[in-house]
Amino acid sequence: MAMKPEKPAGFEKDYQFRFRYETLRSLLNKNGGALQILSDLEADLNHMRHYDKRVRRPIQRLITESLLMAQELNLMTGDHYTDLYEVIFQLRNKADQLFSGCRPDKDQPFVLGLFEEIGSDPFLIGGKAFGLRMLHQYFKDLVLPGFVATTAAYHRMIEDNELHDRIRILLNNLDVTEDPAQFQSRTRTIRKMIQEAVVASEIETAIMEQARALEQQFPDILWAVRSSAVSEDGAHSFAGQFDSELQIKTENLLTAYRHVLASRFTDRAVKYRIHHQFREVDTPMAVLFMPMVAPAAAGVSYTNDLKDPAAGVLEISAVPGLANRMVKGEVPADTFRVAKGSSPKIIRIIPAGGEAEEVGSVDYLSNEKVIEIARLGMEAADKFGYELDVEWAMDKTGKIYFLQARQLNIVRPDEMMAKASERKDSLPVLEGGMTIFPGRAEGPLKILKPEDQLTDVPEGAIVLVDQPRPELASILPKIAALLVVEGNPVGHLATLVREFAVPCIFRLGKNAAFLLAGKNIISVNATKRTVYAGIRWPGIRERVLARIADGNRHPKKSGPLYDLVLGLNLIDPDAASFKAKSCRSVHDTLRFMHEMSVRSMFGFGDKQNRGWHKKSRKLVTELPVKFQIIDLDQSVSEKVKKVVPESVESIPFQALWRGVSDNRLVWPERWENAMRGMPSDFKETVLGGDRGPRRPSDKNYAIVARDYMNLNARFAYHYAMVDAMVGPGTEHNHVHFRFRGGGAGEENKQRRARFLERILRETGFGVDRSGDLVTAWFRRYPQTDSENALELLGHLIVCARQLDAVLKTDAAIKLYGEYFLSQRFDMFG
Amino acid sequence: MSEQPLKIMVIDDENIVGKRLKPALEKTGDIVETFEEGEKALARFDESPFDIVVTDIRMEKIDGIEILEHILAKSGRTKVIIITGYATVEIAREALSKGAFDFIAKPFKPADLRAIIERASKELRS
Amino acid sequence: MSLLDKLKKIGHRETGIRDFCIQTIRFKKFLENARALLDLFADGREKVLGEYIFDRHYVVTLIDSVVDRLGRMVYDASVLVPESGEELYAAYDRHKLAARNLIGSTPSAADDAVDPEYRLLSDVLKWFQGTENTGNISVMEFMRQTFFHVIQGLESNDAMTRNQALFDKNGLHASDMGIYVIDLWKDALSPPSENRSIRDFNSIPLRHLFMDSGNGDLEKAGPKANQHTAAWVAAVSEYQLSLTTLKPNFRFRLETLASGYEPSDFIFIFAGPNAPLDKIIPDGFHVERTNYGQFAWSLSITAKTIEDTLMIIGRNLFDESVRRMQ
């Protein structure tokens, strides 16, 4: 860096000017810091209680910063926004009230016997264990003893191994990551950390003590080690999300324990939680240890028919031996339909892979036992007060055990009847099977073989698979319908299909793949169990896509802290409601103050605009942009007559300009010749405000200093702001970027914003996107990284002008994102 | 409690690091070898793997992440600790998800690094 | 009216209480920035002692951080005392230049036994703390001058008179003690309608201040209640206390944050040059005496210690022998 001779102090002759600039800088800097705190807070709230001091402290600091920012805004604008004060004082008082009711963490036991008096808190022992306790209350005989390593043990393990921060870092932003390899690598890392974690000796000892005690009762014991997860509401099943470890010897219990805990972070489990908006802190895991029976038969029983609750029929599925492969959909089961009532009677048997019969039996399970299981199930449902999904096993002596019981969810579909005009002349390609979830859907067919990658399944597809593997859960949110050749209606996937409300047919039969081969688009009526080639019902496809989009557009999180701090209500700065008094959260106030401070500086409607014009000089460049440079510390030498970009000795400005002036970028003004004769308004819109500005507010400004730059640019209806401090140090280097696109329809604005968000995240920015406003920050990186970030912003600002023309579909976002990141700027021409 | 001494490798192209770390870490009886060049360090590692590798993340000739990947491919049980010149979450994320055990940011005291090494060695032994 | 004039007119409208609270919070911020600056010096000093492993990047970052933090202090000062702003920024710009020179320079005195990073760091520390060369003032000295300006502004006779009028007008007088009490976050919204008692305030530092005086009897603790006016002001929040006097001949100001979870808990005290500081504060403070007043502070301090210290200070302040000097 060239050293200039020392200048006399006070090159800022106008102190008022200096003070105003310093006020703006102070405010913008606080704003950037605040957005970072907000972003960290969101990640932390996923893992921490709101009264945790690691949450409380930043919130109080945030509000104090906001208050000082409000003072600064009012200093800049001559007390134009004093309403803000009241808003902020109120927010602080509300926050204080929230924190005053906090819950201390009592000492919780790490390991508990399943039936112990004190172990009745579902948050401590998890849903599975809790269900078993309830069963044991009414049916002491039916439930095997066991013990639970509680959620307290889980938390202790996380703390001891300092996993908390590492897991949070790795899970952060996974909900917006679209790179499957990255997703998998991160979850894999977490699993490895847990599997290698050290378990506190107290926990180890307690587990082994309980195990040895049960060994007395069950000689040659083999264990089932299963997850018992916590969820706030009972409506979510977590079916098949975690791994169970079966037939474990006592000496391997701890390894199995770690393995089950690690399964909390399988891809599908993480995706499930993300999709259902579960916070990590609300869903810790306990682990259930139970002795295994050597079953002669096992299976699942639904105490009521899901498709026709009024029919008074229950269903029992059975396999010889262990049931675990059955629930995973790997092995077909025999199904018994039993009429309920005081004398239950088997009315139908559907053998695995065979035709339904009215009479018959299987060799591993007598019909009397089936009735016994039915009766016990009915009794249990009666005692519980709701219908049940029960996992049962029968040992070699014929004794029945219940291994798990949970509430049966009868989800009401929103479309029971197939309406719409059907073309009577075409016949279905396929008919039959079992409805797992009703409804109609239409979309491209994807036949998924076991070796295929789930990530290759396109959005809105109708997927055909052989077996209902639980891993398929990860694609449920994005497909139109699911067709399964074989499969049990009572396995994990069936449960999940109902939860995700995806139209679905099981047991289509082995011919399905053959009959559907070569078809591109198919239509499915899961209610009537028919599949047609081609498009059958107009309008269905849009509805399907809307359902998928709705499901994937994350609904606003809620809770007192979200509303008070994180939620953003002030979306549209041009709306009449964009006022200080409309701010309801801290985020709102930050947004408001940032917007107003920038407007104030650049005279967008503010009468206090003083002094900027006098001090600015025009930037001379061949590029079709107009900028006024405001030089704070003689970054442009007084001797310079024409201010060309090279003469501006500001590190951030140079970096940004490198991006903007990159000759690979395409400027539509190069078509200027072709445009001659076009109306000037058209040129203005298409070419982006190249006509000379008529008002000061149309000018683009760049305030520069040696290590600082604040740039505001308007072009067409878009508006971009870059605020950057870049020097040889690191600690307070920052690059802040704001973009708001006007014009165009709502869809276009969204796409534009999503495109920007994607690019910025990929390159390491923290991003906040609300509506069509994108705010991004890149803080505390060394000089080179910060300069590269600015260069990228230069490219981005120029390409952004073309976004409306190229982002015609949602798929284009990903495509053009890749073009941009591989510097294919010609595609933005 | 007598335990096997650890074999520790330190890689950093800044002379001051190896110079100060070696005596500090050897105090506990562990065996420490220091390298200023990544290539040489990896060649030595290929000869005979180390228990712990401490490496800078950004060096002029070779990237710390490359070193990390090479080492883990060669020896799955080696614990790799990353030294960064500044701590950012992105670096932590990248390093952790590629399999680093932990990271430490300059400036640090050798004692701080030793605490991380102790944690790593506990896992090695368990 | 220029915005600077507006700044000077704090308190002349009903928004006076609000502005007073904001000013108190701004002063806290000023102290926080000053403290951060001291921490940076301490950090550098610690590193240069020899045990640490660091690189040139660390030193450059340290310099940048000092410039940044100093700038924030100067900004806060220019908001608190607008009339000193221009002078302060001029001095600040000189320091910015010095910093730039340090970064661009080669380290002094070629001494091969010492690593270049360490040499640069010790040059930086000289800039922080001062050299024998009378031409340059150190950053520390500049900090002192900034404090001087700020305290002068806050403690000026004008300011005190204005505040007194403000508090009287808004009924912030405690009913049971000769002190005005203000809740920093509540009173700005709407002044109280009824009389207030010390007991009504959920402020840990405030409670501790009076815990040990008056032999445990709150009635006897603290300054004597006077029907018309009071000579003390306490602006509080749950963990903060800002205590000042309104007496021209006894200048005393105490600022503290005692949250128990903030790493930046502290006590800061300013007293007039003739105040019997020794009789008021216990040992353990860092004290500096200047012509215009005495400064004392304690930074690496636990909340518990702050609470104990406040009890001692309260007892001493409102003890008869000290009272007579007030």
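Note that the coordinates shown come from a computational prediction; the quantities given were computed from them, not determined experimentally.

**Observations regarding the overall build of chain A**
- Secondary structure summary: chain A contains 25 helices and 27 strands in total.
- Within chain A, the fraction of its 829 residues that count as buried is 56%.
- Sequence-distant contacts, at least 24 apart, represent 65% of the contacts inside chain A between residues at least 6 apart.
- When the accessible surface of chain A is summed, it comes to about 35200 Å², and 49% of that surface belongs to carbon and sulfur atoms.

**Focus: the domain arrangement of chain C**
All names here are of chain C.
- Considered domain by domain, chain C is made up of domain 1 (11-154) and domain 2 (158-323).
- Counting from both sides, the interface comprises 19 residues of domain 1 and, opposite them, 32 residues of domain 2.
- Its largest share of buried area at the contact with domain 2, domain 1 owes to Ile17, Lys28 and Arg35, together 30% of the area lost on that side.
- Where domain 1 packs against domain 2, one counts two salt bridges.

**Some thoughts on the sheet that holds strand β16 (residues 481-484) of chain A**
Residues and elements named next belong to chain A.
- The strand order β12-β19-β18-β14-β15-β16-β17-β13 describes an open sheet built from eight strands, whose pairing is mixed. Of all strands in the sheet, those with a lone pairing partner are β12 (430-431) and β13 (434-437), marking the two edges.
- With five bridges connecting them, strand β14 (residues 440-447) and strand β18 (residues 521-525) associate as antiparallel partners. In the sheet register, Pro444 faces β18, and the bridge partner there is Ile521.
- Sheet strands touched by helix α13 (residues 492-500): β13, β16 and β17 (504-506). Its angle to β13, the strand with the most contacts, is close to 55°.

**Focus: the interface of chain C and chain B**
- With 13 residues of chain C in contact, the opposing surface of chain B contributes 13 residues.
- Summing the contributions of chain C and of chain B, the shared interface buries around 1200 Å²; its carbon and sulfur component is 58%.
- Run the count over chain C and chain B and you get one salt bridge.
- For the salt bridge of B:Lys106 with C:Asp55, the shortest nitrogen-to-oxygen distance reads 3.3 Å.
- Linking chain C with chain B are three residue pairs in polar contact (both at pLDDT 80 or more), by the criterion used here.
- Put simply, the parts of the chain that give the side of chain C that touches chain B at least two residues each are α2 (16-48), α3 (56-80) and α5 (116-129) of chain C.
- Taken together, the residues of the side of chain C that touches chain B sort by class into five nonpolar, two polar and six charged.

**Quick word on the sheet that holds strand β8 (residues 334-339) of chain A**
Residue and element names in this part refer to chain A.
- Sheet architecture is open: six strands sit in the order β9-β8-β7-β6-β10-β11, paired in antiparallel fashion. One side of each edge strand has no neighbouring strand; the edge strands of this open sheet are β9 (345-350) and β11 (400-407). Averaged over neighbouring strand pairs, the angle between their axes works out to 20° when direction is ignored.
- In this sheet, strand β7 (residues 313-320) lies alongside strand β6 (residues 295-302) in antiparallel orientation, the contact comprising six bridges. By the bridge assignment for β7, Ser301 is matched with Ile316.
- Its contacts with the sheet put helix α12 (residues 367-384) on β7, β8, β9, β10 (388-395) and β11, and the angle it makes with β11 is roughly 40°.

**Brief notes about helix α5 (residues 151-160) of chain A**
- Listed as buried for α5(A) are A:Thr151, A:Ala152, A:Ala153, A:Tyr154, A:Met157 and A:Ile158.
- Phi turns positive one or two residues past the end of α5(A), at A:Glu162, with a value near 50°.

**Details of the confidence of the model for chain A**
All names here are of chain A.
- Across chain A, the average pLDDT comes to 81, with 86% of residues at 70 or higher.
- When the criterion is pLDDT under 50, residues 604-610 qualifies, and its contacts beyond four places in sequence or with other chains add up to 11 contacts.
- The low-confidence segment residues 671-675, where pLDDT is below 50, has five contacts with residues more than four positions distant or belonging to other chains.

**Section: the interface of chain C and chain A**
- Each partner contributes residues to the interface: chain C has 42 residues there, and chain A has 44 residues.
- Contact between chain C and chain A buries roughly 4300 Å² in total, counting both sides, with carbon and sulfur atoms accounting for 62%.
- Linking A:Glu65 and C:Lys29 is a salt bridge whose minimum nitrogen-to-oxygen distance equals 2.5 Å.
- In this assembly, chain C and chain A are joined by nine residue pairs in polar contact (both at pLDDT 80 or more).
- For the side of chain C that touches chain A, the elements supplying multiple residues, two or more each, are α1 (3-8), α2, α3 and α4 (85-104) of chain C.
- If one sorts the elements of the side of chain C that touches chain A by residue count, α4(C) sits on top with 12 residues.
- Among the residues making up the side of chain C that touches chain A, the classes are represented as 20 nonpolar, seven polar and 15 charged.

Calculation notes
- Residues numbered from 1 in each chain as written.
- Chains lettered and ligands numbered in written order.
- Predicted model: local features only at pLDDT ≥ 70, side-chain atom pairs only at ≥ 80, totals over all residues.
- Heavy atoms only, no water.
- Helix = DSSP H or I, 4+ residues; strand = E, 2+ residues; numbered from the N terminus.
- Buried < 20%, exposed > 50% of the residue type's maximum accessible area, 1.4 Å probe, protein only.
- Contact = heavy atoms within 4.5 Å.
- Areas by Shrake-Rupley, 256 points an atom, 1.4 Å probe, with all protein chains shown as cover.
- Domains from an automatic or database assignment.
- Buried area = accessible area lost by both parts, 1.4 Å probe.
- Salt bridge = Lys/Arg side-chain N within 4 Å of Asp/Glu carboxyl O.
- Pairing = 2+ DSSP bridges.
- Axes fitted to C-alpha atoms, helices over the stretch in contact; angles between N-to-C directions.
- Polar contact = N/O pair within 3.5 Å; in protein donor to acceptor, adjacent residues only side chain to side chain.
- Nonpolar A, V, L, I, M, F, W, Y, C, P; charged D, E, K, R; others polar.
- pLDDT = per-residue confidence, 0-100.

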